[in-house]
Amino acid sequence: MHHQSTRIAAASVRPLHLKLSVVALLGTGLLSSASVWAQAADEKTEPPETTVVVTGVKASLIKSLATKRTSDQVVESVVAEDIGKLPDNNVVEALQRVTGIQVTNRAGGEVGTLSIRGLPDVQTTWNGRNIFTASGTQVALQDIPSTLVRQIDVYKTRDASQLDTGIAGQVDVKSLRPFDFKGSKVSVSARGTYLEPAEKTNPQLSAMLSNRWETGIGEVGALINLSATQTKYRNESVTPGAMVPFTSPNASEVPPGYTPLQRITDTSIWTPGTHTGLPTAAGSTLDFNGKAYPYYLARDAVFQSDVQGKRERPAANLALQWKPNSDAVYTFESMYNGYRDKSFNQLLFSFVDWWGDLGSNPASTISTFPGTNIIKSRTVNNVYGFNSGDYTTSATDSRIYALNGKWNVGDRLKLEGDVSYQSSTYHSEFTATRIDRVAPSINVDFNAGGGNTAFSFNNNADLTDPTKWNVAQFYDNANRNKGSAATANLSGVYEADWGPLQTIQFGARVDDRKASEANRTQSGNLNRNLASLGPEYASTNSGFGTDISNVPRAWLEPNAYYIRSHIDDWRKLYNSVDPNFLTTDKLSLQKTFEVEEKTSNLFLMGNTQTELFGHRLRGNFGVRYVKVDTDMTFYKVDATTKAVTPSSASKSTNKVLPSMTLIYDPSKDVVLRLNYGETLRRPNFGDLNPVLQLADDVSKVGYGSGSGGNPDLQPTRSKNLDLTAEWYFQKDSAIYGTAFKRKIDGLVVGLRRKVHVDPANDPFRNSTSGGDHTNGYDYVINSPVNASNGDISGAELGLIYFPKGLPSLLDGLGFQGSFTRLSSSQNVPEANDAGDIVAQLKTPFFGVSNRSYNATLAYEKGPVSARLSYVWRSGFLAANEAALFANPIGIWRRPEKSVDMQVSYKINDNMSVDISGVNLTNEMQQQYYHFGDAGNPTLTNFGTLQIGRSVSFGLRWRM
C-alpha cells in the first residue's frame, strides 16, 4: 500500500531495499534516526537490484522484514497489503501477531487493551507526532480506522531522537500521502461484519482519492481518505460475587449471638482484604471471644450483565504536498477521528448472603467443594435483589492539524520542521434506574462446570412481571474531558563524514499541553411500583447467556432508551419526592481540575561507522534533555453548601536521558544489535488531583472507600537494555530473537490509608443527604504514590519463512510465528491506617502473561491470498479486588486465545473480495481469585464474559 498497486521490489541480497530519494524520504514522517542516511550511502555501492513483484499478505510480511532490517531500533511492523487494507479489521487486531505484543479485553467486537512486552503505557504517534484522546496521555488505537493506515511501526527501543515517554514502547501509525503514488489513485471499499452474540451485520465504508500534478510552481499532490464504521454489539457476562465468611449450618457449632449460616460482618473477628484470603480447608475456625468456631465461605451475590450497544466511528484524513524543487517538500495534513457509543447495560443483581429464613435444617441448603469449607451451591429464601437499566452515551471528537517542511541545505545538511495543533473532547452521560424486590428463593451453583456460575429463582417468570418490581434509585451522572496541544519541532542531520563519525543528528521540540475534566453526579429514590408508570417504562431482554450456563434468559429493566428520551419528565418525577434532586434546568458540570504541561526537549546524537574483524560496525550515541513544567488547579465542592474552593499547585522536573545503539554485521545475512535507552512515564493528569472522591459503605464493613490524587507525583523512569540477533537466511525469510530487560524506578501504585471525614464534607452523612450528620465517618482512601520499583525481562523469538521449491499447489505457502517469555516483579508497599508503610509485597506486574505465542499460515498463489492464525497467551494478574472480602485479593485471567482467518480473491487488477473471521472457536474470557498458593479457577472462579465470533465480507475496488 505504500507503493502503487502494492508492488514491492525484492532485492537479490536484501528482502527489500528502500529507495531513499528525496520524495520517498520526505514522505516517511518525522526524522527519527540517522541510520536512514547511512543506509542511503551504503546502497550506492551495492549491485543493481533484481525486481520481483509480490503482493498481498506476502508483500506485507516482506516489507515488515525490510523495516526491521534497516532500522537502528528494535522495530516490528504491520504493513497494509493494499491501499487501505490492513490484514485485520482494526489496528489493534492487526498488532496481535506482532512479536512481543499481547492483547486482551475483547468485547463489543474488538480488542480493548494492548501491551508491549507486558507493559500498557504505549506512546501513540501519528506520522511521528504524539496524539492523545481528551485529557488522557494516549489515544485509543481502536479509534483509528484500519482503512486510513499505510503502516504501523512498533518501536520496542528508542534513541535520543525519539519521544521520551512510553516505557512500554511506541506505536507509530503512518497514513497515506499523495507522493506515495506515481499518479492518481482511487480506492473504495465496503465491508459487512456479522457479530455474535448480537447477531447483527455492521457496515464499514471507506474511500480514498489521491493525485499529483506538475505545475508552474513545482509538483503538488492532494489526498483525501474517508471512513465510517458502525458496530452493533452485545456483551454477556455472568459473575459470582466476592467471598465472605458465614457461621456453620450446624446449630451446635454456632457461636453465641449468631444463627446458622449467618454472615460474619464483625471485622474484629476476621480481617478483610488479606492477600490469600481466609483459609479454605474444611474445619477452619475463627476466634469468637477466645473460643474457636468453624466457618464457611460463600459468595455475597450473583449478577449478570447484558450490554447491548451501537458504536460509530467516522474518520477523515487530508494530505496536501508541495515539492517546489528537488531540495524541499512541504506537507500539510489533518486527521479527524470521531467516536459515538450508546450502550444499554441490563444488570440483574441478587444478594445470596441472607440468613433469615433457612428452614429447620440449614445444612440441607448447601453443598461444599470436597475437602474445603467453600460453599459450592446453596438455596436462600427471601433474598433482596435489584435490576438496573444503565444507559451510557459517549462521544469523542479529536482533530489534528500539522504542517511539515523538509529541506536539503547544501550537500551535507538536511532539516525538518514540524508544527501541529490538536484538540480532543470526550463527553459522556450515564443514567441508571434500579428496580428491586425480595424474591421468595434463589438456588445458586457457584461453579456448575467450567468455572461458570448457574442460578435460578423459585419462579423465573417473576423476573419479567412489572407488578413484582419497585422503582428505586436513579443515578444521574455526566462528565466532560478536554485536551489540546500546540507543538513545534525542528530537527536535522549533518553528514559530517569525520572519520568514524558519519552523521550528527540534532533537534529541539516544545509542547504546550492543556487538559481539564468536569463532572456532575446526583441520585434519588422514587419507591413506586414499576407497573404504575406505564408499559413504555419497561424493557425486557431475551436469549441471554445460552453459551455460558443455566441462568435466567430474560428479565425486566426500566427502559433506559425511553427514560433518556424523556429525561426532563423523569428528573421532575424524582424531584417531586426529593426536592434536592435537580431538574434538567438546574444541572451543570463542575470542573474538577485544569492542568497545563509545558515540555521542552533538546537532543544530540552521533552516528558512527567502522569495521570490526573485517565487518561493518555501526552505532549511534545520543542524549535527550527533557524539562517539564506543570501548573495545576483543582476544585473542591462542599458536600453541604455546594460552594467551590479552588486550589493550585506547580512543579518542575528535568531529566537527561542517554541512548546508545551498536549494530554489527558479522556476515551479509546476519545483524546483531545492542540497544540501551531510558524512557519516562509521566503521571496521568487525573492522578494529580488530590480532591477526595468518596464511596459509601455499601458492603457494611464499617467504613467507606474513596480515592484521591497526588500532585507531587514524579515521572516513572525506565532503563532499557536489548540484545537482538537477526538471520536473513533467504530472500523474504528471517529468524530473529531478542533478550531484554527493563529496570523501572518510581512506579505509581495505590497506597491505602484510613481518614475520618468531617460530616460537612461527607456526601452520604451530611444534612443535605438526609444522613447522620452529627458524627464523622471513616473512609479508606487509595492514593497514588511513587513507591514501587520493578523489573521486567524476557526473550522473544520470531520467524518469517516462505519455503522454496514447494510443489506447484503449495508454492506460495509461508509461515509467520513468534514466542515471547516474560518475567516481572515489583514491590507493592502496604500501609497501616495512618498511611505509614509497614511492609513490602512482591508481585508480578498487572497484565503480564509470562508466555505468549502466535502462529500464522500464509498462502499467496495467483489471485488467492489467505491467512490462518492462532494467538495464545498464558493466564495473568489483571487487577486486585477491593480489600473488603475473604477471598484471595488477586483477580487473574485464565489463558486467552483466538483463531482467526482471512481469504482474499483478486477478481481483476482493480477489484478484489475477501472474507475473514475472528474468534472462530468462540472462546470466552474468564477470571478467578488467586494469590500465591491460594485460589484456583475451580474454587474461586470469578465471572465469564461471552466474546462471540465475528465474520466479515469485504469488497474492494481501486484504480
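Residues numbered from 1 in each chain as written. Predicted model: local features only at pLDDT ≥ 70, side-chain atom pairs only at ≥ 80, totals over all residues. Heavy atoms only, no water.

**Q** Explain the overall build of the chain to me, please; I cannot follow it from the model alone.
**A** Tallying secondary structure elements over the chain gives 6 helices and 45 strands in all. The globule rule puts the C-alpha radius of gyration for 959 residues at 30 Å, and the 30 Å found for the chain is close to it. Expressed along its principal axes, the backbone C-alpha trace of the chain runs to roughly 95 × 65 × 55 Å. Counting over 959 residues, the chain shows a buried share of 55%. (Helix = DSSP H or I, 4+ residues; strand = E, 2+ residues; numbered from the N terminus. Rg over C-alpha atoms; globule rule 2.2 N^0.38 Å. Buried < 20%, exposed > 50% of the residue type's maximum accessible area, 1.4 Å probe, protein only.)

**Q** Please explain the packing of aromatic side chains as it appears in this structure.
**A** The geometry of an aromatic ring pair is captured by two quantities: the separation of the ring centres and the angle between the planes. Following the criterion strictly, the structure yields 25 aromatic pairs and no others. A centroid spacing of 5.3 Å and a plane angle of 55° characterise the contact between Trp-727 and Phe-729, whose relative ring orientation is tilted. Ring centres of Tyr-853 and Trp-872 lie 5.2 Å apart, and the angle between their planes is 25°; this geometry places the pair in the stacked category. Taken together, the residues span a long stretch of sequence, with Tyr-853 in strand S37 (residues 851-861) and Trp-872 in strand S38 (residues 864-873) at a distance of 19 residues. Taking the relative accessible area as the measure of exposure, Tyr-853 reaches 34% and is therefore partly exposed. An aromatic cluster is built from Phe-474, Tyr-537, Tyr-562, Trp-570, Tyr-574 and Phe-581, whose rings are joined through pairwise contacts. Lying over the aromatic face of Phe-386, Arg-434 brings its terminal NZ or CZ to 3.9 Å of the ring centre. Over the ring of Phe-132 we find Arg-513, and its NZ or CZ is 3.5 Å from the ring centre. (Phe/Tyr/Trp six-rings, centres within 6.5 Å; stacked < 30°, edge-to-face > 60°. Lys NZ or Arg CZ within 6 Å of the ring centre and 35° of its normal.)

**Q** Can you help me understand helix H3 (residues 56-70) in this one?
**A** Residues spaced three or four apart along an α-helix face the same direction, because each turn holds 3.6 residues. Between the first and last C-alpha of H3 there are 22 Å, a value that for 15 residues agrees with the 21 Å anticipated at 1.5 Å per step. Most of H3 is tucked away, with 15 of its 15 residues classed as buried. (Expected span 1.5 Å × (residues − 1).)

**Q** Whenever I open this one, the pattern of salt bridges confuses me. Can you help?
**A** A side chain with one charge may pair with a side chain of the opposite charge, provided their charged atoms come close. Per the stated rule, a full pass over the model turns up 47 salt bridges. Close ionic contact of Asp-164 with Arg-682 constitutes a salt bridge, the shortest N to O distance being 3.2 Å. Of this pair, Asp-164 sits in the loop between strand S8 (149-155) and strand S9 (169-175) while Arg-682 sits in the loop between strand S29 (670-681) and strand S30 (693-695); the two residues are 518 residues apart in sequence, bridging distant segments of the chain. Overall, Asp-164 belongs to the buried group, its relative accessible area being 3%. Where Arg-571 meets Asp-476, a salt bridge forms, and the shortest distance between an N and an O atom there is 2.7 Å. Here Arg-571, found in helix H6 (residues 567-577), pairs with Asp-476, found in strand S22 (residues 470-494); they are 95 residues apart in sequence, far enough to count as distant. Taken together, the shared-partner salt bridges connect Lys-68, Glu-76, Arg-117, Lys-156, Asp-722, Arg-742 and Glu-796 into one network. (Salt bridge = Lys/Arg side-chain N within 4 Å of Asp/Glu carboxyl O.)

**Q** Explain the sheet that holds S8 to me, please; I cannot follow it from the model alone.
**A** Where strands meet in a sheet, backbone hydrogen bonds hold them as pairs that are either parallel or antiparallel. Across the sheet, 5 strands lie side by side as S3-S8-S9-S6-S7; this open sheet has mixed pairing. This sheet does not close on itself; its edge strands, each paired only once, are strand S3 (75-79) and strand S7 (129-130). Sheet strands touched by H3: S3 and S8. Its angle to S3, the strand with the most contacts, is close to 155°. (Pairing = 2+ DSSP bridges. Contact = heavy atoms within 4.5 Å. Axes fitted to C-alpha atoms, helices over the stretch in contact; angles between N-to-C directions.)

**Q** Which parts of the structure should I look at to understand the nonpolar core?
**A** In globular proteins that are soluble, nonpolar side chains generally tend to be buried together. Ranked by size, the top nonpolar core spans 46 residues in total, and within it Ile-442, Phe-455, Val-471 and Trp-570 carry the most contacts. Elements that contribute at least two residues to this core include exactly strand S13 (243-247), strand S15 (291-299), strand S19 (375-409), strand S20 (413-445), strand S21 (454-457), S22 and H6. The element best represented in this core is S20, accounting for 4 residues. Look past the residues within four positions of Val-471 in its chain and what remains in contact with it is Thr-433, Arg-434, Ile-435, Asn-525, Leu-526, Asn-527, Arg-528, Asn-529, Leu-530, Leu-533, Trp-570 and Tyr-574. Val-78, Val-103, Ile-116 and Leu-822 belong to the second-largest nonpolar core, a separate cluster that totals 36 residues. (Core = buried A, V, L, I, M, F, W, Y, C linked by side-chain atoms within 4.5 Å.)

**Q** Got a minute to help me understand unusual backbone geometry in this structure?
**A** For the peptide bond that leads from Glu-196 to Pro-197, omega is -5°, which places it in the cis range. One can find Pro-197 in the loop between strand S10 (185-195) and strand S11 (200-215). At Leu-261, a residue that is not glycine, the phi angle is positive and equals roughly 55°. Tracing the backbone through its elements, the reader meets Leu-261 in the loop between S13 and strand S14 (285-288).

**Q** Quick question: what am I supposed to make of the pairing of S29 here?
**A** Sheet faces and side chains relate simply in a regular strand, where the side chains alternate between the two faces. Both strand S28 (residues 644-667) and S29 contribute to a ladder of 7 bridges, which runs antiparallel. The partner of Met-660 across the bridge, within S29, is Tyr-676. Hairpin connection of S28 to S29: 2 residues between the antiparallel strands. Sheet topology places S29 next to strand S32 (residues 716-730); 12 bridges connect them, and they run antiparallel. Opposite Leu-680, over in S32, you have Arg-717 as the bridge partner.

**Q** What is the right way to read H6 from this model?
**A** Along H6, the residues that are buried comprise Ile-567, Trp-570, Arg-571 and Tyr-574. Along H6, the residues classed as buried sweep out an arc of 95° about the axis, all on the same side. Relative to its buried face, H6 has exposed residues pointing more than 90 degrees away, namely Lys-572 and Ser-576. Lining the buried residues of H6 we find S20, S22, strand S23 (501-529) and helix H5 (560-565). (Arc of directions from axis to C-beta.)

**Q** Would you mind showing me how to read the sheet that holds S13 here?
**A** Across the sheet, 3 strands lie side by side as S13-S15-S14; this open sheet has antiparallel pairing. With one partner strand each, in any of the chains shown, S13 and S14 form the two edges of the open sheet. Averaged over all pairs of adjacent strands, the angle between their axes in this sheet comes to 50°, without regard to strand direction. Sheet topology places S13 next to S15; 5 bridges connect them, and they run antiparallel.

**Q** Which parts of the structure should I look at to understand the pairing of strand S31 (residues 704-707)?
**A** Only one face of S31 is covered, namely the face carrying Gly-704 and Gly-706; the face carrying Ser-705 and Ser-707 is uncovered. Of the pairings in the sheet, the one linking S30 to S31 comprises 3 bridges and is antiparallel in character. If you follow Leu-694 over to S31, its bridge partner there is Gly-706. When S31 meets strand S34 (residues 777-801), the two strands line up parallel, connected through 4 bridges. Its bridge partner being in S34, Gly-704 is matched across the sheet by Tyr-779.

**Q** Could you clarify how one ought to interpret a nonpolar patch on the surface in this entry?
**A** A cluster of nonpolar side chains, Tyr-194, Val-903, Ile-915, Val-951 and Phe-953, forms an exposed patch at the surface whose accessible area comes to about 400 Å². With respect to the helices and strands, Tyr-194 occurs in strand S10. (Patch = residues over 30% accessible without salt bridge, like charges linked within 9 Å, V, L, I, M, F, W, Y side chains within 5 Å. Areas by Shrake-Rupley, 256 points an atom, 1.4 Å probe, with all protein chains shown as cover.)

**Q** Explain the side chain of Gln-321 to me, please; I cannot follow it from the model alone.
**A** If you trace the backbone, Gln-321 turns up in strand S16 (residues 301-325). Since its relative accessible area comes to 4%, Gln-321 is described here as buried. Within the structure, Gln-321 has its side chain in polar contact with the backbone nitrogen of Phe-179 (distance 2.9 Å). In this structure Gln-321 touches Arg-177, Pro-178, Phe-179, Glu-219, Val-220, Gly-221, Val-329, Tyr-330 and Thr-331, once residues within four positions along its chain are discounted. (Polar contact = N/O pair within 3.5 Å; in protein donor to acceptor, adjacent residues only side chain to side chain.)

**Q** Explain the environment of Met-660 to me, please; I cannot follow it from the model alone.
**A** Inspection of the secondary structure assignment puts Met-660 in strand S28. Taking the C-alpha atoms as reference points, Met-660 and Phe-621, separated by 39 residues in sequence, lie 4.6 Å from one another. The residues touching Met-660, leaving out its near neighbours within four places in the chain, are Asn-620, Phe-621, Leu-674, Asn-675 and Tyr-676.

**Q** Honestly, the side chain of Arg-97 in this entry has me stumped. Any pointers?
**A** Tracing the sequence through the fold places Arg-97 in the loop between helix H4 (91-95) and strand S4 (101-107). Not counting the four nearest positions on each side in its chain, Arg-97 is found in contact with Pro-87, Asp-88, Gln-816, Ser-818, Asn-854, Thr-856, Arg-867, Ser-869, Val-871 and Asp-900.

**Q** What's the story with the confidence of the model for the chain in this structure? I'm lost.
**A** Where the model shows low pLDDT, its predicted coordinates should not be examined in detail. Here the chain averages 89 in pLDDT, and 91% of its residues register 70 or above. Strand S1 (residues 8-9) is the least confidently modelled element of the chain, averaging 28 in pLDDT, while S21 averages 98, the highest of any element. The model gives residues 1-53 a pLDDT under 50, and that stretch makes 139 contacts with residues more than four places away or in other chains. (pLDDT = per-residue confidence, 0-100.)

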